Amino acid sequence: MSRYFCHEHPDVLILETRVEAARPGAVLLEQSPFHPGGGGQLADRGVLRWSGGEVRVTGIEAVGGLYWHRLAEPIEPAGVVETVVDSAFRSLMAQLHTDTHILNALVFQDFQGALVTGAQLNEDGTARMDFDLPEADNDRLRALEPAINDVIRQDLPLRDAYVSEAAALAERGLVRNRSVAPPPTSDGAIRVVEIVGLDRQACGGTHLSSTAGSRPVRILKIDNKGRHNRRIKIGLAGGIP
Ligand SMILES: [Zn+2]
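Here's a quick rundown of the structure. Worth saying up front: this structure is predicted, and the values here are computed from it rather than measured. (Residues numbered from 1 in each chain as written. Predicted model: local features only at pLDDT ≥ 70, side-chain atom pairs only at ≥ 80, totals over all residues. Heavy atoms only, no water.)

### Brief notes about the coordination of the zinc ion
Then, number 1: Around the zinc ion, the protein contributes the donor atoms His-97 (NE2), His-101 (NE2), Cys-203 (SG) and His-207 (NE2), at 2.0 to 2.3 Å from the metal centre.
Then, number 2: Classification of the site at the zinc ion as tetrahedral follows from its four donor atoms and the range of 92 to 120° in their angles at the metal.
Then, number 3: Within one chain, the residues serving as donors to the zinc ion are arranged as H-x3-H-x101-C-x3-H. Taken together, the residues span a long stretch of sequence, with His-101 in helix α2 (residues 87-110) and Cys-203 in the loop between β11 (199-202) and β12 (217-225) at a distance of 102 residues. Neither His-101 nor Cys-203 differs from the other in exposure class; each is buried. (Donors = N, O, S within 2.8 Å, 3.2 Å for Na, K, Ca; no water. Tetrahedral: all angles 85-135°; square planar, octahedral: opposite > 155°, others 65-115°. Helix = DSSP H or I, 4+ residues; strand = E, 2+ residues; numbered from the N terminus. Buried < 20%, exposed > 50% of the residue type's maximum accessible area, 1.4 Å probe, protein only.)

### A closer look at the pattern of salt bridges
Then, number 1: The tally for this structure, following the rule as stated, stands at 15 salt bridges.
Then, number 2: In this structure, the salt-bridge partner of Arg-231 is Asp-130, at a minimum N-O distance of 2.8 Å. A residue pair is termed long-range when its members are at least 10 positions apart, and Arg-231 in strand β13 (residues 229-236) and Asp-130 in strand β8 (residues 126-132) qualify at 101 residues.
Then, number 3: For Arg-231, a relative accessible area of 23% translates into the label partly exposed.
Then, number 4: Salt-bridge contacts for Asp-150 lead to Arg-153; the nearest nitrogen and oxygen are separated by 3.9 Å. Taken together, the residues Asp-150 and Arg-153, both in helix α4 (residues 145-154) and three residues apart, mark about one turn of the helix.
Then, number 5: For Asp-150, a relative accessible area of 35% corresponds to the partly exposed category. (Salt bridge = Lys/Arg side-chain N within 4 Å of Asp/Glu carboxyl O.)

### Describing the packing of aromatic side chains
Then, number 1: Inspection of the entire model under this criterion finds one aromatic pair.
Then, number 2: Ring geometry for Tyr-4 and Tyr-67: centres 6.0 Å apart, planes at 85°, overall edge-to-face. Of this pair, Tyr-4 sits in the segment before α1 (5-8) while Tyr-67 sits in strand β5 (residues 66-71), and the two are 63 residues apart along the sequence.
Then, number 3: Residue class for Tyr-4 comes out buried when judged on its relative accessible area of 11%.
Then, number 4: What makes Tyr-67 partly exposed here is its relative accessible area of 22%.
Then, number 5: It is Arg-23 that lies over the ring of Trp-68; its NZ or CZ is 4.4 Å from the centre. (Phe/Tyr/Trp six-rings, centres within 6.5 Å; stacked < 30°, edge-to-face > 60°. Lys NZ or Arg CZ within 6 Å of the ring centre and 35° of its normal.)

### Remarks on the sheet that holds strand β4 (residues 53-63)
Then, number 1: Around the barrel, six strands lie side by side as β1-β2-β5-β4-β3-β6; this closed barrel has antiparallel pairing. When the angles between neighbouring strand axes are averaged without regard to direction, this sheet yields 45°.
Then, number 2: Sheet topology note: the strand β2 (residues 26-29)/β5 ladder contains three bridges and is antiparallel. Considered in β5, the bridge of Ala-26 is made with Arg-70. (Pairing = 2+ DSSP bridges. Axes fitted to C-alpha atoms, helices over the stretch in contact; angles between N-to-C directions.)

### What to know about the nonpolar core
Soluble globular proteins tend to pack their nonpolar side chains together in the buried interior.
Then, number 1: With 35 residues, the main nonpolar core has Leu-103, Val-107, Leu-141 and Ile-232 as its most contacted residues.
Then, number 2: No other element matches α2, which puts nine residues into this core.
Then, number 3: The residues contacting Ile-232, other than those within four sequence positions of it, are Leu-103, Val-107, Ala-127, Arg-128, Met-129, Phe-131, Leu-141, Ile-219, Lys-221 and Ile-222.
Then, number 4: In this structure, Val-19, Leu-29, Ala-43 and Ile-60 belong to the second largest nonpolar core, which totals 13 residues. (Core = buried A, V, L, I, M, F, W, Y, C linked by side-chain atoms within 4.5 Å. Contact = heavy atoms within 4.5 Å.)

Structure (structure tokens):
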């Protein structure tokens, strides 16, 4: 993972840049405001514009540390282009990602440091998180819904910082995923996302600047996935914006 432009400038969704390389239906850009996806988050989508044309960007393909922006047509744009991130989609991902941190924080606090075994954000306004929770009572998990919405209403600010890999591994609960630690950046640092007053965890995604930016959340479903795993599905009230 490199230090993404969207981490440093989360509010910049339109950026003029240059095509570095192209093949039919994909381009490498000198700089990009798109989040490439990963850790359960879907890649940003949007549009690429140039004098006389435009094409939809449908996803990002990461190959050997390079981020190929996939295009909706088999064309090879060149030169100066304007990149435009789909703001509604970014907002949906940021809301769901922030809400999964809140859910994760509450589960971690209420269930003795239970770790995450998987996560997926969906474009229909839902997300799922899997936790290693062999003993948990599903009714107690379902009862977290008002607590999640209470954190949203409190409008807690979010901020991020970079710490060394050693410091990240030494802080209990910072790396919340049971199986994989987030990859360090090219300079060995790990990005930490904090919901001030609630939670700190290593994460490379996009988030809100404060929790009240999320619509209220509902816990839609809790499934037992094997002996250890519980899958909690949440959804934003109102579904797709
Ligand atoms: Zn995150």
